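Summary of the model geometry
If you want the building blocks of each chain, they are given just below.
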There are 2 protein chains.
Amino acid sequence: LSLRVEIIVIGNELLNGDLADTNTARLGGWLRKRGLGVTRGQTVPDDEAMVAEAFATAASRSDLVLVSGGMGPTEDDLTMSAAARFAGVALAEDTVFLERLKRRFEKRGYPFTPNNARQALIPAGADALHNPVGTAPCVRLVQGEATFFFFPGVPRELTALIDLYLEPWLTERAAARPYISATFLTFGKTESQVASLLDGLTRDARMHVAYRAHFPQIQVTLHVFDADADAARALLDDAAAHVRSALSSVVFSEDGGATFAAALGARLVAADSTLATAESCTGGLVAKLCTDIPGSSAWFLEGAVTYSNAAKSSRLGVPPELIVEDGAVSESVARAMAEGIRRTARSTYGVGITGIAGPGGGTEGKPVGTVHMAVAGPDGTQHFKRTLPFDRNRNRVVSAFMAMDMVRRALDGAR
Amino acid sequence: LSLRVEIIVIGNELLNGDLADTNTARLGGWLRKRGLGVTRGQTVPDDEAMVAEAFATAASRSDLVLVSGGMGPTEDDLTMSAAARFAGVALAEDTVFLERLKRRFEKRGYPFTPNNARQALIPAGADALHNPVGTAPCVRLVQGEATFFFFPGVPRELTALIDLYLEPWLTERAAARPYISATFLTFGKTESQVASLLDGLTRDARMHVAYRAHFPQIQVTLHVFDADADAARALLDDAAAHVRSALSSVVFSEDGGATFAAALGARLVAADSTLATAESCTGGLVAKLCTDIPGSSAWFLEGAVTYSNAAKSSRLGVPPELIVEDGAVSESVARAMAEGIRRTARSTYGVGITGIAGPGGGTEGKPVGTVHMAVAGPDGTQHFKRTLPFDRNRNRVVSAFMAMDMVRRALDGAR
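Residues numbered from 1 in each chain as written. Chains lettered and ligands numbered in written order. Predicted model: local features only at pLDDT ≥ 70, side-chain atom pairs only at ≥ 80, totals over all residues. Heavy atoms only, no water.

Some details on the state of the cysteines
All names here are of chain A. The line we're drawing: Cysteine sulfur atoms that pair up within 2.5 Å are treated as a disulfide. Three labels apply to residues, based on accessible area from a 1.4 Å probe with only protein chains included: buried if under 20% of the type maximum, exposed if over 50%, partly exposed otherwise in between.
This structure, assessed with the given rule, holds zero disulfides over all chains. No disulfide involves Cys290; its sulfur sits 15 Å from the nearest other cysteine sulfur, which is in Cys281. Using a relative accessible area of 0% as the deciding quantity, one classes Cys290 as buried.

What to know about the relation of the copies chain A and chain B
Applying a rotation about an axis and a shift along it to one chain copy brings it onto the other copy. Applicable threshold: For this overlay, a least-squares fit was computed on C-alpha atoms, restricted to residues scoring pLDDT of at least 70 in both copies. The contact criterion used is simple: two residues touch if any of their non-hydrogen atoms lie within 4.5 Å.
Taken as rigid bodies, chain A and chain B are interconverted by a rotation of 180 degrees and an axial shift of 0.2 Å, the fit giving an RMSD of 0.2 Å. The two molecules are tied by a two-fold rotation axis, judged by turn and shift. Of the interface residues in chain A, 100% have counterparts in chain B that sit at the interface too, so the contact is made through matching surfaces.

Comments concerning the environment of Leu235(A)
All names here are of chain A. What counts, and what does not: Note on conventions: DSSP H or I runs of at least 4 residues are helices, E runs of at least 2 residues are strands, and numbering of each starts at the N terminus.
With respect to the helices and strands, Leu235 occurs in helix 8 (residues 229-246). Here Leu235 falls in the buried class, since its relative accessible area comes to 10%. Along the chain, Leu235 and Phe225 lie ten residues apart, while their C-alpha atoms are 9.7 Å from each other. Residues in contact with Leu235, not counting those within four places in the same chain, are Asp204, Arg206, Met207 and Val224.

Quick look at the sheet that holds strand 12 (residues 251-254) of chain B
All names here are of chain B. Where we set the bar: The pairing criterion is simple: DSSP has to find at least two bridges between the two strands. Axis lines are fitted through C-alpha atoms, for helices just across the contact stretch, and the angle between N-to-C directions can take any value from 0 to 180 degrees.
The strand order 10-11-9-12 describes an open sheet built from four strands, whose pairing is antiparallel. Because the sheet does not close on itself, it has two edges, and the strands there are strand 10 (207-214) and strand 12. Geometrically, the sheet is characterised by an average inter-axis angle of 20 degrees between neighbouring strands, direction not taken into account. The pairing of strand 10 with strand 11 (residues 217-225) spans eight bridges and is classified as antiparallel. Considered in strand 11, the bridge of His214 is made with Gln217.

Some remarks on the interface of chain A and chain B
Filter applied, for reference: A 1.4 Å probe defines the accessible area here, and the buried area is the portion of it lost by two parts on being joined, summed over both. A side-chain nitrogen of Lys or Arg and a carboxyl oxygen of Asp or Glu constitute a salt bridge if their distance falls within 4 Å. Whenever two N or O atoms come within 3.5 Å, that pair is a polar contact, provided that in protein one can donate a hydrogen and the other can accept it, and provided that, for residues adjacent in sequence, both atoms are side-chain atoms. Any residue that is not Ala, Val, Leu, Ile, Met, Phe, Trp, Tyr, Cys, Pro, Asp, Glu, Lys or Arg is counted as polar, Gly included; the first ten are nonpolar and the last four charged.
Listed as interface residues are 56 residues of chain A and, on the opposing side, 56 residues of chain B. Summed over both sides, the interface of chain A with chain B buries roughly 4,500 Å², with 46% coming from carbon and sulfur. Among the residues of chain A in contact with chain B, Leu15(A), Asp18(A) and Arg315(A) are the three that bury the most area, contributing 15% of the side total. Where chain A packs against chain B, one counts eight salt bridges. With its nearest N and O atoms 2.7 Å apart, the salt bridge here joins Asp292(B) to Arg396(A). Remark: the boundary between chain A and chain B carries 37 residue pairs in polar contact (both at pLDDT 80 or more). Tallying contributions element by element places strand 14 (residues 300-306) of chain A first for the side of chain A that touches chain B, with seven residues. Within the side of chain A that touches chain B, the residues separate by chemical class into 22 nonpolar, 21 polar and 13 charged. Here five bridges tie strand 14 of chain A to strand 14 (residues 300-306) of chain B, and the two strands are oriented antiparallel to one another. If you follow Val305(A) over to strand 14 of chain B, its bridge partner there is Gly303(B).

Overview of the environment of Asp47(A)
Here Asp47(A) lies in the loop between strand 2 (40-44) and helix 2 (48-61). Polar contacts involving the side chain of Asp47(A) include one to the main-chain amide nitrogen of Met50(A), which spans 2.9 Å.

Comments concerning the pattern of salt bridges
A full pass over the atoms with the stated rule returns 40 salt bridges over all chains. Between Arg40(B) and Glu53(A) there is a salt bridge; the shortest N-O distance is 3.2 Å. Of this pair, Arg40(B) sits in strand 2 (residues 40-44) while Glu53(A) is found in helix 2, placing the two residues in two different chains. Of the charged contacts, one joins Arg34(B) and Glu167(B) as a salt bridge, the two residues approaching to 2.9 Å between their closest N and O atoms. Of this pair, Arg34(B) sits in the loop between helix 1 (23-32) and strand 2 while Glu167(B) is found in helix 6 (residues 155-172), placing the two residues 133 residues apart along the sequence. By relative accessible area, which is 26% here, Glu167(B) ends up partly exposed. A cluster of three or more residues bridged by salt bridges with shared partners is formed by Arg267(A), Asp405(A), Arg408(A), Arg409(A) and Asp412(A).

What to know about the pairing of strand 14 of chain B
Residues and elements named next belong to chain B. Put simply, the rule reads: Here, the term right-handed applies to a crossover whose path from the first strand over the helix to the second runs clockwise when the strands point away from the viewer.
The element strand 14 is largely enclosed, with a buried count of seven among its seven residues. Relative to strand 14, strand 13 (residues 275-279) runs parallel, the two sharing five bridges. Bridge pairing links Ala278 to Ala304 in strand 14. Traced from strand 13 through helix 10 (residues 285-291) to strand 14, the parallel crossover comes out right-handed.

Looking at empty space enclosed by the protein
Note the threshold: Residues are said to line a cavity or pocket when one of their atoms sits within 4 Å of a point; the points come from a 1 Å grid over protein atoms alone, cavities being sets where a 1.4 Å probe fits but cannot get out and pockets being open sets with protein on both sides within 12 Å along at least five of seven lines. Grid points are joined across faces, edges and corners, and a volume is the space filled by probe spheres set on the points.
Summed over the entire model, instances satisfying the criterion amount to four cavities of 30 Å³ or more. The calculated volume of the largest cavity comes to roughly 130 Å³. Along its surface, the largest cavity is lined by 18 residues, and Asp21(A), Thr24(A), Thr43(A), Asp21(B) and Thr43(B) are the ones closest to its centre. Broken down by secondary-structure element, the contributors of at least two residues to the lining of the largest cavity are helix 1 (23-32) and strand 2 of chain A together with helix 1 of chain B.

Let's talk about the pairing of strand 3 (residues 64-68) of chain B
Residue and element names in this part refer to chain B. Across the five residues that make up strand 3, a large majority, five, are buried. Burial along strand 3 is two-sided: Leu64, Leu66 and Ser68 and Val65 and Val67, pointing in opposite directions, are all buried. Note that strand 3 and strand 8 (residues 146-151) share five bridges and pair parallel. Bridge pairing links Leu64 to Thr147 in strand 8.

Here's the deal with helix 4 (residues 95-108) of chain A
Residues and elements named next belong to chain A. Stated precisely, the cut-off is as follows: Here a helix's expected span is defined as the number of its residues, less one, multiplied by 1.5 Å.
Look at helix 4: 20 Å from first C-alpha to last across 14 residues, which is about the 20 Å you get at 1.5 Å a residue. If you follow the buried residues of helix 4, they end up packed against strand 4 (91-93) and helix 5 (114-118). Capping the start of helix 4, Asp94 holds a side-chain oxygen 3.3 Å from the backbone nitrogen of Val96, two or three residues further along. Downstream of helix 4 by one or two residues, Gly109 has phi in the positive range, about 75 degrees.

Observations concerning the packing of aromatic side chains
Stated precisely, the cut-off is as follows: Side-chain rings of Phe, Tyr and Trp, where Trp is taken by its six-membered ring, are said to pair if the distance between their centres is within 6.5 Å; with planes under 30 degrees apart they count as stacked, over 60 as edge-to-face, and otherwise as tilted.
Applying the stated criterion across every chain yields a total of 30 aromatic pairs over all chains. Where Phe105(A) meets Phe112(A), the ring centres are 5.3 Å apart and the plane angle is 90 degrees; that geometry is what we call edge-to-face. Accessibility expressed as a relative area gives 28% for Phe112(A), which makes it partly exposed. For the ring pair Phe187(B) and Phe401(B), a centre distance of 5.2 Å and an interplane angle of 45 degrees mean the geometry is tilted. Taken together, the residues Phe187(B) in strand 9 (residues 179-187) and Phe401(B) in helix 14 (residues 392-414) connect sequence positions 214 residues apart.

Everything listed here is a matter of geometry and, on its own, says nothing about what the molecule does.
Written as structure tokens, this is what we have:
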């Protein structure tokens with residue numbers, strides 16, 4: 001009953017370090033959302049005999065074989081000739097496809113070369129499926145018990161074509177199983193800390209809990225499969241409620257709805273509040289993350305990247321003597337930066353960040369990774385200090401997230 | 001003579017969409033630098049029988065089999081039991097490894113559980129290789145003509161262990177072929193434009209030219225294999241000189257030595273010049289890219305993220321009537337921003353960027369993607385306008401790169 005699915009990705013570039021294959025994960029994720037697992041994967045170089053052999057192996061052990069790559073116009077693209085060899089048939093010109101291809105080139109004023117005409121050659125007896133998003137063909141071939149789909153390797157085309165052709169094929173065979181899921185994004189705990197907070201989650205054979213790190217965030221996904229849609233929903237709702245309560249302090253987004261900055265922005269808007277930032281070691285990263293969000297002009301007023309001491313004083317009014325006495329990386333300077341940007345930008349909240357991201361610049365008293373963060377708001381100024389253990393890039397990213405998290409907590413306190 | 005190399009990556013997460021495999025590309029790139037190709041790849045789920053079968057298939061057709069994943073302490077980690085099954089031997093406790101593991105846990109004050117002890121079980125007759133960077137074992141097993149290396153799936157550990165154990169193994173067999181390469185990073189042309197600029201490059205069977213897009217940059221790598229080291233060097237030097245001359249206007253870095261911002265920083269330092277930025281639509285991205293570079297405080301003075309019109313006027317002295325008359329996204333405002341930040345930050349060069357990154361905010365006269373960039377310097381102010389066709393994120397990234405490129409060209413002009 002259960003469909004045995006195999007994925008074959010083709011291309012020298014996948015085996016020589018030029019490109020990491022993402023199509024296996026793309027197809028695997030797409031299939032999981034339809035309740036289907038993938039049994040095996042093969043990666044094969046641009047060699048006709050080896051590709052044909054991989055097809056034969058797959059046909060002997062799988063019901064559905066999804067192939068990506070090698071469908072382009074150059075001589076290296078030999079997926080179709082390998083398929084013909086495997087099926088023991090000749091290549092035949094698909095005239096409908098050829099005419100469509102010629103018209104497409106004509107319309108755009110591109111010259112139509114013999115190489116382009118090669119793309120209309122598919123194994124005799126196979127079905128050419130119209131590709132509305134590119135020039136490469138999409139082909140289906142049935143061989144014995146196995147059905148092969150051949151897709152171009154370009155992720156954008158692959159994604160469009162599996163929706164167009166694989167989805168109805170599965171539906172027709174009632175091969176897809178009911179599937180629902182819930183996704184939570186967290187910040188502030190490690191993967192193992194998050195996992196142990198969820199120790200009390202019901203064990204159920206119908207549910208799979210997956211953790212995935214998107215530094216510095218941890219994503220938790222609950223996957224539920226049950227032929228009874230109501231039972232699936234009840235199980236997922238129960239589990240999701242448990243996750244929400246167990247991880248309440250660290251979950252900032254559900255179902256991929258918002259980035260950390262977007263979630264913060266939504267809360268600022270809800271509280272009719274605005275933000276301005278004064279950054280030293282993070283160098284504009286908080287401003288960049290905030291302005292990544294369309295519509296952020298509603299809550300993000302401005303940012304100052306005061307890398308030099310002179311800028312800290314002239315832009316934010318940080319007293320030069322404070323910098324001399326306590327150093328640029330200090331609690332007092334972080335507080336003065338947060339208060340200075342809040343005052344001059346006339347924002348509800350002001351963020352100040354100063355630290356030593358590394359790799360150089362550390363001293364005995366202030367090692368690399370030292371970061372002082374402050375948030376100034378209507379209820380005063382909060383300060384937070386950490387010594388981070390990561391490299392320059394990760395120290396900056398974590399600092400930016402921690403500072404945004406401080407604003408979130410200040411908003412919580414203000415309610 | 002030539003070694004047949006196969007890669008096997010193990011883990012459900014690689015087939016269900018949770019994680020895209022990067023280890024195949026990592027191993028493939030490492031091997032290519034040693035003149036070796038990879039013949040095949042397999043992706044196998046956490047299933048002992050299937051993993052054992054994959055090992056048997058690989059042993060029948062390859063000389064060297066590199067396996068990653070399934071070496072952890074949990075019940076899902078069954079690479080070692082599958083290897084024992086494949087080799088027809090029992091699992092045996094490696095007492096040296098077990099003692100080392102126990103000491104490691106003791107030293108860190110972690111409890112040592114039966115699961116941890118499982119990690120010391122390896123197939124009888126296999127060699128345990130000390131892993132100095134983690135708790136998972138690294139194991140070598142010879143079976144018939146094939147040699148297997150089993151590595152943990154964690155990229156950091158894998159990378160360290162192939163240097164430690166695979167490198168000497170290849171050297172001992174004189175399996176590695178002489179290999180040299182040169183890498184060029186470009187900005188300002190598409191991949192096909194770069195490729196056609198290099199049409200005149202010598203075709204030589206000993207040289208492979210690879211293109212790789214790191215949006216918005218295109219990387220060109222020349223790979224040369226020749227047993228005669230002098231001949232290889234001569235071929236590479238000739239080809240590299242050709243690339244340098246054909247792509248002179250767009251190459252900004254050689255041999256991965258510098259990011260775009262780092263290359264700009266080096267040129268600013270060489271010209272004893274400094275930079276300050278005033279960003280609207282890019283929201284701090286230029287400042288972030290500049291301060292990604294360790295030591296950027298030598299040339300990056302400060303950045304202003306003037307998202308609101310009020311901030312453009314108060315921080316940079318952009319006349320409010322200019323914003324009213326020409327609009328915030330206009331040549332005059334971009335120029336005033338660049339000149340304003342240069343004046344107030346007292347930098348050699350000032351950058352101003354204002355645009356509509358999207359997805360909203362476009363009008364008929366100023367569609368989404370419109371961006372005005374200006375660079376103010378000792379020789380006056382240059383302005384540049386583009387209408388970009390990408391999404392919000394890519395529009396911002398390209399704008400940031402184009403603005404940095406304008407500074408580079410201003411420096412060229414000032415020489």
